[in-house]
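The chain contents come next:
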Protein chains: 2
Amino acid sequence: MKIRLYVEHPLGQEQTVPLDRDQAHYLFGVMRQSVGAQVALFNGRDGEWRAEVVEAGKRGGVLACREQTKPLQMPPDLWLLFAPIKKARTDFIVEKAAEMGAARIIPVQTEFTNSERIRQDRLQAHAVEAAEQCGGTYVPEVSELHRLDRLLADWPEGRQLLFCDEAAAGAGLALDPALRGAQAPWAILIGPEGGFSEAERAKLKALPFAHTISLGPRILRADTAAVAAMTLWQQALGDWQ
Amino acid sequence: MKIRLYVEHPLGQEQTVPLDRDQAHYLFGVMRQSVGAQVALFNGRDGEWRAEVVEAGKRGGVLACREQTKPLQMPPDLWLLFAPIKKARTDFIVEKAAEMGAARIIPVQTEFTNSERIRQDRLQAHAVEAAEQCGGTYVPEVSELHRLDRLLADWPEGRQLLFCDEAAAGAGLALDPALRGAQAPWAILIGPEGGFSEAERAKLKALPFAHTISLGPRILRADTAAVAAMTLWQQALGDWQ
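Residues numbered from 1 in each chain as written. Chains lettered and ligands numbered in written order. Predicted model: local features only at pLDDT ≥ 70, side-chain atom pairs only at ≥ 80, totals over all residues. Heavy atoms only, no water.

## A few points about the environment of A:Gly191
Residue and element names in this part refer to chain A.
- Position of Gly191 relative to the elements: it lies in the loop between β11 (186–190) and α5 (198–206).
- Look at Gly191 and you get buried, because its relative accessible area is 14%.
- For the pair Gly191 and Gln38, spaced 153 residues apart in sequence, the C-alpha to C-alpha distance is 43 Å.
- If near-sequence neighbours (up to four positions away) are discounted, Gly191 is found in contact with Ala83, Phe196 and Ala222. (Helix = DSSP H or I, 4+ residues; strand = E, 2+ residues; numbered from the N terminus. Buried < 20%, exposed > 50% of the residue type's maximum accessible area, 1.4 Å probe, protein only. Contact = heavy atoms within 4.5 Å.)

## Quick look at the relation of the copies chain A and chain B
- For the match of chain A to chain B, the screw axis carries a shift of 0.0 Å, the RMSD comes to 0.0 Å, and the turn is 180°. Here the symmetry operator amounts to a two-fold rotation axis. Within chain A, the C-alpha atom positioned nearest to the axis of rotation is that of A:Ala228, 2.9 Å from it.
- When you check the interface residues of chain A against chain B, 100% turn up at the interface there too, and the contact is symmetric in its surfaces. (Least-squares fit on C-alpha atoms with pLDDT ≥ 70 in both.)

## Re the domain arrangement of chain A
All names here are of chain A.
- Segmentation of chain A into domains returns domain 1 (4–70) and domain 2 (78–237).
- Distance from the C-alpha centre of domain 1 to the C-alpha centre of domain 2: 33 Å.
- Facing 9 residues of domain 1, the contacting portion of domain 2 comprises 8 residues.
- Counting each side, the surface lost to burial between domain 1 and domain 2 is near 670 Å², with a carbon and sulfur contribution of 62%.
- In terms of surface lost to domain 2, no three residues of domain 1 exceed Arg4, Tyr6 and Phe42, which account for 66% of the buried area on that side.
- The interface formed by domain 1 and domain 2 contains 0 salt bridges.
- Where domain 1 packs against domain 2, one counts 7 residue pairs in polar contact (both at pLDDT 80 or more).
- Here the side of domain 1 that touches domain 2 gets 3 residues from one element, more than from any other, and that element is strand β1 (residues 4–6).
- Among the residues making up the side of domain 1 that touches domain 2, the classes are represented as 3 nonpolar, 2 polar and 4 charged. (Domains from an automatic or database assignment. Buried area = accessible area lost by both parts, 1.4 Å probe. Salt bridge = Lys/Arg side-chain N within 4 Å of Asp/Glu carboxyl O. Polar contact = N/O pair within 3.5 Å; in protein donor to acceptor, adjacent residues only side chain to side chain. Nonpolar A, V, L, I, M, F, W, Y, C, P; charged D, E, K, R; others polar.)

Written out as structure tokens, the structure is:
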């Protein structure tokens, strides 16, 4: 049962699940499966189910759930905020965030962000694909582009922010031990290529919920920084503990 | 001085450095620089130097070193061993390894590795580009493809191996505290898509110099796993301490 498919449909004992045209094309055309094949299904709510193909056609098909193979495993309540960059690297950041267990992915527009729009639907599809591939049972929601200043002005009560500052030579490389075990929700903020403006940096540092860390002596690309920061966070506070 | 160039030539006080055709095309054609422009040069041996363009032509040019702006900063003695995967992701792993501070990058052929050859020159060029971009003064050497079994049979005395096992549910997620501060050289091994074979896994676990860790509850792609493992290592034992 190596094929994993994300579906929107409810999953449950003996539940039948219709496939749309794209899914049927993928499963029967590309992957050459047919009636009787076993597929893993998840929908982000009902865990993972072993399902069997009971109808296979060119324009659709039907699967029947046979048994639950994993319960729903919610990731920790971690948001990843990042400034969109070139297309391929933006796609990678979304993929990496889903693999690393972000609960929500929020593209943000900073002073030095080049792009003023994103393709939310395309990025969401990358998150789905990453969840299919990494064995997760949850798909993070990719938000529309937010302006960073407005997001910070309207910041949710009690959510901590890990600010990865490439200019933070003096900042710690690990999370403050006092924060370990903090059950509060968190967010990680990765800057754009070209970094934050001085005004943004000063504002971020003054926020009472923000914690600045450095990511080592070399300047990491945004996609590398996203994985590195999420690794540090998952190990200290998340589901890698 | 935002442009950084890797050159093979020695660098030193008032040293002049000739540019080859490709470098001249990049600097004068693509980046539109001319005589008097300031460029950062490094060669992996003499640190970083501020250099000034003193001759600019279509087929070449000359720079003169003015002052050293960074000493040579060697990364820790860490090798990254990885099984080559699809072209774009192999390129990414090399780029990430250079950014994260690997001293040497070794593509390895495992039982489940698809590719039987690599383009060493192309991968080396990616490592150079990553070093130019991340501000490092050192360029890791990318080796030719090695067979993993032969590399392990001929393993250097005293080098520890961090084995990132996607099936290691029970393994620790952090390095054994007893290993912290260990000054021995290290290597990190990232498996291929499809993982290691059972025989390989058993052999790896039995090696006296190997330490198994898991990288969390989701299965990471090889490029994500490389960054995550190097983050854990750099923070515990490397130059992020």
